[in-house]
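Descriptive analysis of the structure
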Amino acid sequence: MSMTSSRPYFLRAVYEWILDNNCTPHILVDAHVTGTQVPQQHVNKDGQIILNISPSAIKDFFMDNTAVSFNARFSGVVNNLYIPCGAILGIYARENGQGMMFEPEPNPAPPPPPSGPTPVPSGGGTSMSGDAPPAKRPGLRVVK
């Protein structure tokens, strides 16, 4: 019987463990894995990038069994990142290097990343025409 990858489960567990120990979680990503969306100008010559995924460094963090996605600033510019779990080569604490490394996975064709619009600034978005608005991905937003 074939089982799903254990990588996403280990990623979530180690991420929570690092945060519970008041450390800063970082991930090592293979930027050449199909479906990976990271700022290519920050990828090293080996095709890898290290990302700080601390809650204080990123926004709109989401991790499930297929990918990790969030918004992060690079040189002051907000970027939407999408990283399939198979592209994550390791997760560790910046302060002491403790964490877990993973073997590279074959580069299968993952499901396409969400192509929805970038987050909409608050204050707008309703249509005054009689046409039905286009379907949107469900999401949460802060209401003050």
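Before reading further, recall that the structure is shown in the block above.
Rules and cut-offs
Residues numbered from 1 in each chain as written. Predicted model: local features only at pLDDT ≥ 70, side-chain atom pairs only at ≥ 80, totals over all residues. Heavy atoms only, no water. Helix = DSSP H or I, 4+ residues; strand = E, 2+ residues; numbered from the N terminus. Buried < 20%, exposed > 50% of the residue type's maximum accessible area, 1.4 Å probe, protein only. Contact = heavy atoms within 4.5 Å. Areas by Shrake-Rupley, 256 points an atom, 1.4 Å probe, with all protein chains shown as cover. Core = buried A, V, L, I, M, F, W, Y, C linked by side-chain atoms within 4.5 Å. Expected span 1.5 Å × (residues − 1). Arc of directions from axis to C-beta. Phe/Tyr/Trp six-rings, centres within 6.5 Å; stacked < 30°, edge-to-face > 60°.

Notes on the overall build of the protein
- What the protein contains, in helices and strands, is 1 helix and 7 strands.
- For the protein, the N- to C-terminal ordering of α and β elements is α-β-β-β-β-β-β-β.
- Burial status across the protein gives 31% buried among its 144 residues.
- In the protein, once contacts between residues fewer than 6 apart in sequence are set aside, the share between residues at least 24 apart is 57%.
- Accessible area for the protein stands at about 10,000 Å²; split by element, carbon and sulfur atoms hold 56% of it.

Some points on the nonpolar core
- In this structure, I27, V38, L51, F70, L81, I83 and I91 are the most contacted members of the largest nonpolar core, which totals 28 residues.
- When sequence neighbours within four positions are dropped, the list of residues in contact with L81 reads Q37, V38, P39, L51, V68, S69, F70, A72 and F74.

What about helix α1 (residues 7-20)?
- Between its first and last C-alpha, α1 extends 20 Å over 14 residues, near the 20 Å set by a 1.5 Å rise per residue.
- Every buried residue of α1 is listed here: R7, P8, L11, V14, Y15 and I18. One side of α1 carries all its buried residues, which in axial view fall inside an arc of 130 degrees.
- Summarising the contacts, the buried residues of α1 are in contact with β1 (25-30), β3 (58-63), β6 (88-93) and β7 (99-101).
- Backbone geometry just after α1 places N22 at a positive phi near 55 degrees.

Focus: the environment of L51
- Within the secondary structure layout, L51 lies in strand β2 (residues 48-52).
- According to the relative accessible area criterion, L51 is buried, its value standing at 3%.
- With 21 residues separating them in the primary sequence, L51 and A72 have C-alpha atoms 9.2 Å apart.
- Setting aside residues up to four positions removed in sequence, L51 forms contacts with P25, H26, I27, V29, V38, F70, F74, L81 and I83.

Quick notes on the packing of aromatic side chains
- Scanning the model with the defined rule gives 2 aromatic pairs in all.
- A centroid spacing of 5.1 Å and a plane angle of 20 degrees characterise the contact between Y15 and F61, whose relative ring orientation is stacked. Placement of Y15 in helix α1 and of F61 in strand β3 is noted, with a sequence separation of 46 residues between them.
- In this structure Y15 comes out as buried when scored by relative accessible area, which is 9%.
- With centroids separated by 6.3 Å and ring planes inclined at 35 degrees, the aromatic side chains of F61 and F70 adopt a geometry described as tilted.
- Residue classification places F61 among the partly exposed residues on the basis of a relative accessible area of 28%.
- By relative accessible area, which is 2% here, F70 ends up buried.

These values are about where atoms sit, not about what they do.
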